[in-house]
Amino acid sequence: RRGIVAGSALPQRHLHSGAKQQTFDTPGPLRASARPINDAAELHRHSDTMEATPAAPTVGVQIRTAGGRIATVTISDKGWYSATLDDKVHLAPDEGGAGESITKRRSFFAADQGELLQTVPKVDRSKKKSDTPMRLRGKDGEIVGRTTMRAWSKASGLKVPKGYEGHHVIEVKVPKGWTTAKWSKSTGARQIHYATVDGHKVELAEAAATSRGDDGRHVLPIDRLKFNAKEDVRDRSFDKTIGTDARDDGPWKKGATATTGVSLRRWLEADTLDEPGMKLFASENCAGPARANEQDRLAPGCCLARCTVANFGGDLRITFGGTTQAEANRAAGVMAIACALDHLKGKLDDSPIFCRLSDELKEAARKARAGEPWMDQNLDRYLVRVLSEREQAALDQYQEKCRRLGRTPRIGKTPVAPSEKSWDDANKREGRGRHSLVMRELRAADGAATVKLYRGGVRGLVVAPPGQRMDQWHFCICNDVELHRKDPDLVTDVDKYWSAALELSKSGSRDALACFNEVAFEAGLDIRLLEAADVRPESGTTFTPDQIALIRKYYGFHSFGKARKTTRKCLLYCTHTAAIAGGREPHCYTAFASDDYAAACLHLRYMVSDYTWGLGVQLRRARLRATRTSGSAPTIVIDAEARAVGVTTDMIEAGVRAGRVLGERRARDVLEDLAELDPEDWADYYRRLEETLEEHKRKHARAAPMDVEEPAAAPAATEAPPPPLP
């Protein structure tokens, strides 16, 4: 495609008349001669009418970076900025080299460059469009660039679909790289989902796979094309020109012929956005049954739901799976809302309807406008795998061998497709089976709680496990950074409420966690946390007592530690079911709040070891003094903070005994192990610890650091000490 400058000198290989030229026999007006230019006179005549292709101009806007350098910036469809830096490396060497092209987010640029960043143009992706005809292979093996409905009918043995004529031309447009790539077993066949019939782009009834041609490149047998009836075919020839009428002052585009999700617009245009209610409505009214071929392959214990709303291009009515019907319906409902938002005019970020949505719906809408599903999922996890002939033969051979040897085969007749990065379908060893069951119960309980709270007049609260939603990250009140980001006063208030809870728990009748709930509820800490997450009542500005009671029925303050052991750095605000599930299976915490959970557990281990060891040292010294003075047996008082982290007299005695035999370092390890065990496992641990200590004493009969008495004070020196002996 390079242009030829008139009068320029050309290499002689361009004048070679024997160069091979390959042409495709294509019917109709598409056929053209690819005759080479053989003589210099004709080449000069053609060069007079050709122009040199100018270099592509540098597109983009010059933006100042945070380090003071100037970058030429463009933006991609997914919101990433592509920047080419200037030569002033000395200003900010860490940002990149001279002329380096990098991809960054908004924080890479200076804070005062917001208005300029809004004018950054998008990168032209026209070169990636599917505009190259795919090579088609006919019934007799001939290679063509396009065919007709009549020829397709003869090759496939099917009738011409309703609404089409025999003379309608069929083309398959693909990216250019597909026509030049070599077919290989590693990459496999390419899947074709669309074709062009009579100038209109239509969706195939099922994907058509390419095969290997004689020259090793991809070809598409025309009998693999399957078409729907014409009333199911959408005309996309005018997609780029509709919906842009400036005389229409509404926020929605006009001209879309597919399902646009009109019923969702009243939720999106409401004065007060009710996002949980909108999602519930979409999951009930915009989620339909899956396709017939998907329903036939549905795996036992799985459910499917298909989004019934299309984006502005008429696409993305796709199927989602789940272990429950509610899970599949919710995924399809979110996709429906995202497709409905794609019908907004102009840029999404300029629409007030879009700007007030949650981060989840914003990201889903951006993906819908880019033609992508809102979530990445492998639908084969919920479908029965269709085996190839080779796989079926291997399976039959394996089952026959198991029958002959009298063994039970591990794979049945209809194996389910293996999952990818899924807890639910992973092998059920090492606690994954219990985790899968607990998480399934927790998701069901969270969904029911969300509906109950919504019906009780609480708006904007989506019940989720700790750490799953960004707007609820400050619910982990052990994380001072997230608390300070929402409200700096929350950090000091939580410290104050925790100190008050420790004062109330000094009597020992109640634990510190119960006292903290009482103090925090009385001060309204839970309502402040909810208001920071944009949770509001249905009417008015404050929650009613009934609504507060309903919220506290499901939510409360809990601890990451087991058996209600807690410190200030272990507190979190979550549902009671999440706290129970986290006590049964820690993966409920680590799934989304792994950082906070790990920091809390490390802090709790340290506090248990420090308090127990310190009290053990005091007890040991008190016993030594009582032995010397013939006094009564000493007792150690455990303060409220030590009792809150789970320190008991049995742990102190175990620490003293382990310290005498093993030393301080290994004794602290024993105490940290006790901090992680459940109380019902302590008796067995104590028994095994005593056996270990007795065995260690028999092998190493010596005094440990904790068993050495305090040395007596040295007498005052009256004269110079004698010199040391040689």
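Preceding this section is the structure that the text describes.
Everything quoted here is computed from the prediction, not taken from an experiment.

**Student:** Explain the packing of aromatic side chains here, please?
**Tutor:** What characterises a pair of aromatic rings is the spacing of the ring centres plus the angle enclosed by the ring planes. Per the counting criterion, the structure on display carries 15 aromatic pairs. Pairing Trp152 with Phe227 gives two aromatic rings, centres 5.2 Å apart and planes at 80 degrees, and the pair type is edge-to-face. Of this pair, Trp152 sits in helix 3 (residues 149–156) while Phe227 sits in the loop between strand 14 (218–221) and helix 5 (262–268), and the two are 75 residues apart along the sequence. Side by side, Trp152 and Phe227 carry an identical accessibility label, which is buried. Ring geometry for Tyr589 against Tyr597: centres 5.6 Å apart, planes inclined by 35 degrees, an arrangement best described as tilted. According to the relative accessible area criterion, Tyr589 is buried, its value standing at 2%. Members of the aromatic cluster, each reached through a chain of ring pairs, are Phe475, Trp498, Phe516, Phe521, Tyr555, Phe557 and Tyr573.

**Student:** Sorry, what's going on with unusual backbone geometry here?
**Tutor:** Among all residues except glycine, the phi angle is most often negative; among peptide bonds, the trans geometry is most common. Positive phi, close to 55 degrees, is recorded for Asp198, a residue that is not glycine. Along the chain, Asp198 falls in the loop between strand 11 (191–197) and strand 12 (200–209). On the basis of relative accessibility, which here comes to 41%, the residue Asp198 falls in the partly exposed class. Positive phi, normally seen in glycine, also occurs at Leu316, with a value near 70 degrees. Relative to the helices and strands, Leu316 is located in the loop between strand 16 (303–307) and strand 17 (319–322).

**Student:** What is the right way to read the sheet that holds strand 17 from this model?
**Tutor:** Pairing between the strands of a sheet is mediated by backbone hydrogen bonds and can be parallel or antiparallel. Pairing is antiparallel in the open sheet, where 3 strands are placed in the order 15-16-17. In this open sheet, the two strands that pair with only one neighbour each are strand 15 (287–288) and strand 17. The strands touched by helix 8 (residues 325–341) are strand 15, strand 16 and strand 17; relative to strand 16, the strand with the most contacts, the crossing angle is about 15 degrees.

**Student:** Before we go on, may I ask you to explain the nonpolar core in this structure?
**Tutor:** Counting residues in hydrophobic clusters, the biggest one holds 41 residues, and the most contacted among them are Phe560, Val645, Val647 and Ile652. Of all the secondary-structure elements, those providing two or more residues to this core are helix 12 (432–455), strand 21 (571–575), helix 18 (576–584), helix 19 (587–590), helix 20 (594–629), helix 22 (649–662), helix 23 (664–676) and helix 24 (682–699). For this core, the leading source of residues is helix 20, giving 9 residues. Setting aside its immediate chain neighbours within four residues, Phe560 contacts Cys476, Cys478, Cys570, Leu572, Tyr589, Asp596, Tyr597 and Ala600. Grouped together as the second largest cluster of nonpolar side chains are 37 residues, Trp252, Ala282, Ala340 and Leu348 included.

Quick notes on the rules
Residues numbered from 1 in each chain as written. Predicted model: local features only at pLDDT ≥ 70, side-chain atom pairs only at ≥ 80, totals over all residues. Heavy atoms only, no water. Phe/Tyr/Trp six-rings, centres within 6.5 Å; stacked < 30°, edge-to-face > 60°. Helix = DSSP H or I, 4+ residues; strand = E, 2+ residues; numbered from the N terminus. Buried < 20%, exposed > 50% of the residue type's maximum accessible area, 1.4 Å probe, protein only. Pairing = 2+ DSSP bridges. Contact = heavy atoms within 4.5 Å. Axes fitted to C-alpha atoms, helices over the stretch in contact; angles between N-to-C directions. Core = buried A, V, L, I, M, F, W, Y, C linked by side-chain atoms within 4.5 Å.

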